[in-house]
Amino acid sequence: MSVTRRNFIGKTAAASTGALISTTAHAETSMRNRNAGRNGKLLRIGVLTCHPTHHHMPNSWGPLINCRAGRRKIAPTRMTGMELTHIWDYDPERVRTYCEQFGTKPVKNYDDMVDKVDGIIISDMRNSAYFPELSEPYFKAGVPILYNRPFTSSVGRAKRIIAMSKKHGTPFMTASGWEYCKEVYAMKRKVKEWGPGIKGVTAHNSSSEITHDVHGVWIILAMIGTGIESASVSRRTKSVYEHGSDTWTILFKSRGDNPPFYATL
């Protein structure tokens, strides 16, 4: 199967969900290159933004994609058909740290990876207000993008990202693995059995900060479907990055025989 920039995360809707590493469109390539080395035909992945704590490079995506020997000096089996090749951040010291850790190359400007990679990961939530600007050159070049959740910081910016994706035909994705847990499937069956007439939803999430609270939103959406009219968050801390207590209130539009209803998380 021929894999191109535009099809490697599948012919899905712009805001499709799922895991980038297991996308159907390049599953065949992933299997073929599972044990390939640096000289193999791996999809080249670039990383934009790499804050030391508010992203998944250090402990998740980096070790998973660029499997390298650690203290035991034994390199794990490559589990994807990808390789991290380039990193950019406005702080060059951060870039230097991760290049040393994962064997990637630095670039001077955020758009310098356009002709060097097949896909992009934008990872640092603290920079989510700039995600549209960081993304634009890659949308124009047809380079698929994976955003760490959430994929931006406002509805206006979200609409701008979706518009760029549609205009240039470049897919992007943001997701939460929790939407695929067995409890979600059990609740989906219950909701189907209950039929129309949902009056409201109340859910609880044990997270204590907003970067992980959004997982709960995905769980609710997976259980009862989309159709959000509005969403708001009440916080008891000054910064969204501080640990505290949050309450999400989501208004769902009328769908079928259901009148509008609220969900709280």
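This one's a predicted model, so the numbers in the text were calculated from it and none came from an experiment.

Colleague: Break down the overall build of the chain for me, with residues and values.
Modeller: Looking only at helices and strands, the chain features 7 helices and 10 strands. Residues classed as buried in the chain amount to 45% of the 265 residues present. Look at the contacts in the chain between residues 6 or more apart in sequence, and 68% of them connect residues 24 or more apart.

Colleague: So what's going on with the pairing of strand S9 (residues 246-252)? Which residues, and what values?
Modeller: Within a regular strand, side chains alternate between the sheet's two faces. For S9, a buried count of 5 out of 7 residues is recorded, marking the element as mostly surrounded by other parts of the structure. Bridge count between strand S8 (residues 228-235) and S9: 7 bridges; the pairing is antiparallel. In the sheet register, Val233 faces S9, and the bridge partner there is Trp248. The pairing of S9 with strand S10 (residues 261-264) spans 4 bridges and is antiparallel. Within S10, the residue paired with Leu251 across the bridge is Tyr262.

Colleague: Report on the state of the cysteines, specifying residues and quantitative values.
Modeller: As enumerated under the stated definition, the model contains 0 disulfides in all. This cysteine, Cys50, is not joined by any disulfide, and Cys99 carries the nearest cysteine sulfur, 8.0 Å off. On the accessibility criterion, Cys50 (0% relative accessible area) is buried. The exposure class of Cys99 is buried, given its relative accessible area of 12%.

Colleague: Now, about the sheet that holds strand S7 (residues 200-202): what can you tell me, with residues and values included?
Modeller: With respect to topology, 4 strands assemble into an open sheet ordered S7-S10-S9-S8, the strand pairing being mixed. Whereas interior strands pair on both sides, the edge strands pair on one side only; in this sheet they are S7 and S8. Taken over all neighbouring pairs, the strand axes of this sheet differ in orientation by 10 degrees on average, direction set aside.

Colleague: I'd like a rundown of the pattern of salt bridges, residues and numbers included.
Modeller: Evaluation of the coordinates by the stated rule reveals 8 salt bridges. A salt bridge links Lys140 to Glu136, with the nearest nitrogen and oxygen atoms 3.7 Å apart. Here Lys140 and its partner Glu136 are both found in helix H4 (residues 131-141), 4 residues apart, which amounts to about one turn of the helix. Take Glu136: its relative accessible area is 27%, and that puts it in the partly exposed class.

Definitions and cut-offs
Residues numbered from 1 in each chain as written. Predicted model: local features only at pLDDT ≥ 70, side-chain atom pairs only at ≥ 80, totals over all residues. Heavy atoms only, no water. Helix = DSSP H or I, 4+ residues; strand = E, 2+ residues; numbered from the N terminus. Buried < 20%, exposed > 50% of the residue type's maximum accessible area, 1.4 Å probe, protein only. Contact = heavy atoms within 4.5 Å. Pairing = 2+ DSSP bridges. Disulfide = S-S within 2.5 Å. Axes fitted to C-alpha atoms, helices over the stretch in contact; angles between N-to-C directions. Salt bridge = Lys/Arg side-chain N within 4 Å of Asp/Glu carboxyl O.

Nothing here speaks to function; it is all geometry.
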